[in-house]
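Spelled out, the chains give:
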Amino acid sequence: MHGAGLPDDWVRTLVEAGATFTTTPENELGQGHGTPVTGSLLRLGAAPSLGTDIDTAVPGKLLTAARIALAHQRALDHARHRRTTGRHADSPSVTAKQALAWATVEGARALGLADQVGRIEVGLQADLVAVDARAVNLWPAHDPVATVLHADIANIEAVMVAGSWRKRDFVLLASGLDEVKEQLRASGERLLRTVRETA
């Protein structure tokens, strides 16, 4: 569930009952659905997974969602720190490593697949994303985790799913992409037509 805007006591009750939360920060903030649940979860020692929600409204870029979730939570924590101490915090309240985990480890946990995917570990499914940190927008890459969070889809050189390459040398290896693109075009036109007819 999203959990945006839920009171902390509700979040606690749901976490204790085993519920997981997926925040879609760009969509939630942009469409006024309430404050993402990230802070409430972190205060309980839990964490969200990340999503993008509606690809017709926001880009389906998970690393962008991680950056927005990270920046938003830091902003809230900085504001809270200033209110209580009268000064800026000395260090960020949330790390880039935590935000990357929301996109990987926590995503696997939310899907009930934490024993199969989400980490690079012996015995887990071989799922990998290789980011080319030599690109100008990422250079020089002093911190690998922060570098990945600043990457865009154009920086993803390779993707492996369950031990099979799905992207290599920046090229998708899936067949039938032209058919998928045509289906997406037709779907987009249908949605636009429906919006125009109901406006």
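Residues numbered from 1 in each chain as written. Predicted model: local features only at pLDDT ≥ 70, side-chain atom pairs only at ≥ 80, totals over all residues. Heavy atoms only, no water.

Novice: Even after reading the chapter, I still don't get a nonpolar patch on the surface, so can you show me in this structure?
Specialist: On the surface, W165, V171 and L173 cluster together to form a nonpolar patch covering roughly 270 Å² of accessible area. Locating L173 in the fold gives a position in the loop between β6 (171–172) and α8 (177–198). (Patch = residues over 30% accessible without salt bridge, like charges linked within 9 Å, V, L, I, M, F, W, Y side chains within 5 Å. Areas by Shrake-Rupley, 256 points an atom, 1.4 Å probe, with all protein chains shown as cover. Salt bridge = Lys/Arg side-chain N within 4 Å of Asp/Glu carboxyl O. Helix = DSSP H or I, 4+ residues; strand = E, 2+ residues; numbered from the N terminus.)

Novice: For this particular structure, what's the right way to read the pattern of salt bridges?
Specialist: Oppositely charged side chains may form a pair once their charged atoms are brought near each other. For the coordinates displayed, the defined rule picks out nine salt bridges. For D90, the salt bridge is made with R87, and the minimal N-O distance between the two is 3.6 Å. Here R185 and E182 are joined by a salt bridge, their closest N and O atoms 2.4 Å apart. With R185 and E182 both in helix α8 and three residues apart, this pair spans about one turn of that helix. Salt bridges sharing common partners tie together E182, R185 and E189.

Novice: Before we go on, may I ask you to explain the packing of aromatic side chains in this structure?
Specialist: Aromatic ring pairs are reported here in terms of the distance separating the ring centres and the angle at which the planes meet. Scanning the model with the defined rule gives zero aromatic pairs in all. Here the guanidinium or amino end of R168 rests over the ring plane of W165, the centre of that ring lying 4.1 Å away. (Phe/Tyr/Trp six-rings, centres within 6.5 Å; stacked < 30°, edge-to-face > 60°. Lys NZ or Arg CZ within 6 Å of the ring centre and 35° of its normal.)

Novice: Sorry if this is basic, but what is going on with the side chain of S40 here?
Specialist: With respect to the helices, strands and loops of the structure, S40 is situated in helix α3 (residues 38–43). Non-local contacts of S40, meaning those with residues more than four positions away in its chain, are made with L6, D8 and V11. (Contact = heavy atoms within 4.5 Å.)

Novice: Help me out: how do you make sense of the side chain of E28 in this one?
Specialist: For E28, the location among the structural elements is in helix α2 (residues 25–30). Buried within the structure, E28 lacks any salt-bridge partner; R43 is the closest side chain of opposite charge, at an N-O distance of 13 Å. If sequence neighbours within four positions are ignored, E28 has contacts with H2, A4, T22, T23, H33, G34 and P36. (Buried < 20%, exposed > 50% of the residue type's maximum accessible area, 1.4 Å probe, protein only. Lys, Arg positive; Asp, Glu negative; His and termini not counted.)

Novice: It is not clear to me how the packing of helix α4 (residues 62–85) against helix α5 (residues 96–103) should be interpreted in this structure. Could you clarify?
Specialist: When two helices pack together, their arrangement is given by the angle between the helix axes and by the axis-to-axis distance. Put simply, α4 and α5 touch, their axes get as near as 9 Å, and they point 135° apart. One way to sum up the angle between α4 and α5 is to call them oblique. The two elements α4 and α5 cross, and the hand of that crossing is right-handed. Contacts between α4 and α5 pair L62, A66, A69, L70 and R74 from the former with A96, A99, W102 and A103 from the latter. When its residues are assigned to classes, the contact of α4 with α5 shows eight nonpolar, no polar and one charged. (Axes fitted to C-alpha atoms, helices over the stretch in contact; angles between N-to-C directions. Parallel < 35°, antiparallel > 145°, perpendicular 65-115°, else oblique. Left-handed = near helix turned anticlockwise from the far one by under 90°. Nonpolar A, V, L, I, M, F, W, Y, C, P; charged D, E, K, R; others polar.)

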